[in-house]
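Fold and contact review
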Amino acid sequence: KGIRTAVRIDGTDSDLALDAATDVGRWGDFSSRTTVSASSKKLNGSRFASLFLSALTAIYGSAWDDRRRGYEDIRFLLTPFGKLIPSNDISVTYACDTVTMDKASFKNGKLALSLVSGRLVTDSFSLSGYGGTYQFKMEGAFNSDFPMFRAEASLDSFDLAAALAE
C-alpha cells in the first residue's frame, strides 16, 4: 500500500538527503498522497538555475505555440498527465544550509510546496544573505482543461556592494 524512499547524494559542491513516503489510494486509476522531505548542507544553485530556466523555456514555448494557433489540440484533462495530477497529492519541503550561485553565498534556504487536487502553491519560502529579503511564489492550476502556471520572485534591500565584493 505504501512506498518509502531514502536517497543520499554527496558531491563536491552539492549534497542531498531525500526521504519520500507515498501512500497509494488506488492502483487502477492511480491516486496517491506523497510527502517529500529534502535537505542539503550545501547546494550549487547555478546547476539548478539552468535546469529551471530550460524547463520554463519549454513550458512557455509550448504555451506560445497554442496561443499562436488560437486553440488547444487536446484538452489537458484527457492527457495521461492531466488524468494523473488531480488525483495525486504531493507535499515537498526542502531546507539548505548554504546555497551558492557562482561566488555568491546565501544561508538558510527553505521552501515548501504542495500540489493538492491539481492546485500547486508555494506554502513558504525563505532565504537570507546580503541583507536582502527574498520572496518566491509559485501557483498553478492543473485541474482544468486549460492549466495555468505562474511564478513570481522579488528581492528587497539587497546589498549589491557586499555581493560584488565576493
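Note: the structure precedes this text.
1. What to know about the pairing of strand S5 (residues 104-116)
- For strand S4 (residues 88-101) and S5, the ladder comprises 11 bridges, and the chain directions are antiparallel. Pairing of Val-99 across the sheet is with Phe-106, part of S5.
- In this structure, S5 lies alongside strand S6 (residues 119-128), joined through 8 bridges in antiparallel fashion. Considered in S6, the bridge of Ala-112 is made with Ser-124.
- Remark: 2 residues form the turn of the hairpin made by S5 and S6, two consecutive strands paired antiparallel; Ser-117 in that turn has positive phi of roughly 50°.

2. Quick notes on the environment of Ser-126
- Along the chain, Ser-126 falls in strand S6.
- For Ser-126, a relative accessible area of 32% puts it in the partly exposed group.
- Separated by 115 residues in the primary sequence, Ser-126 and Gly-11 have C-alpha atoms spaced 24 Å apart.
- If sequence neighbours within four positions are ignored, Ser-126 has contacts with Asn-108, Gly-109 and Lys-110.

3. Digging into unusual backbone geometry
- Despite not being glycine, Asn-108 has its phi angle at roughly 50°, a positive value.
- One can find Asn-108 in strand S5.
- Look at Asn-108 and you get partly exposed, because its relative accessible area is 44%.
- Of note in this structure, Ser-117 is not a glycine but carries a positive phi near 50°.
- Position of Ser-117 among the secondary structure elements: in the loop between S5 and S6.
- Take Ser-117: its relative accessible area is 42%, and that puts it in the partly exposed class.

4. A look at the nonpolar core
- By size, the foremost hydrophobic cluster in this structure holds 8 residues: Leu-43, Cys-96, Val-99, Ala-104, Phe-106, Tyr-130, Tyr-134 and Ala-163.
- The set of elements that each furnish at least two residues to this core consists of S4 and S5.
- Those residues in contact with Cys-96 that sit more than four places away from it in its chain are Ser-40, Lys-41, Lys-42, Leu-43, Asn-108 and Gly-109.
- Counting 7 residues, the second-largest nonpolar core is a separate cluster that includes Ile-85, Leu-115, Leu-120 and Met-138.

5. Some details on the side chain of Asp-15
- Residue position: Asp-15 is located in strand S2 (residues 15-26).
- Within the buried core, Asp-15 has no salt-bridge partner, and the shortest N-O distance to an opposite charge, that of Lys-42, equals 4.4 Å.
- A distance of 2.9 Å separates the side chain of Asp-15 from the backbone nitrogen of Lys-41, its partner in a polar contact.
- Apart from residues lying up to four places away in sequence, Asp-15 is in contact with Ile-9, Asp-10, Ser-39, Ser-40, Lys-41 and Lys-42.

6. Things to note about the pattern of salt bridges
- Applying the stated criterion across every chain yields a total of 6 salt bridges.
- The salt bridge involving Asp-19 is made with Arg-8; its shortest N-O contact spans 3.3 Å. With Asp-19 in strand S2 and Arg-8 in strand S1 (residues 2-10), the pair connects residues that are 11 residues apart, well separated along the chain.
- Overall, Asp-19 belongs to the partly exposed group, its relative accessible area being 36%.
- Bridged by salt links that share partners, the residues Arg-119, Glu-139, Arg-150 and Glu-152 form one connected network.

Conventions adopted
Residues numbered from 1 in each chain as written. Predicted model: local features only at pLDDT ≥ 70, side-chain atom pairs only at ≥ 80, totals over all residues. Heavy atoms only, no water. Pairing = 2+ DSSP bridges. Helix = DSSP H or I, 4+ residues; strand = E, 2+ residues; numbered from the N terminus. Buried < 20%, exposed > 50% of the residue type's maximum accessible area, 1.4 Å probe, protein only. Contact = heavy atoms within 4.5 Å. Core = buried A, V, L, I, M, F, W, Y, C linked by side-chain atoms within 4.5 Å. Lys, Arg positive; Asp, Glu negative; His and termini not counted. Salt bridge = Lys/Arg side-chain N within 4 Å of Asp/Glu carboxyl O. Polar contact = N/O pair within 3.5 Å; in protein donor to acceptor, adjacent residues only side chain to side chain.

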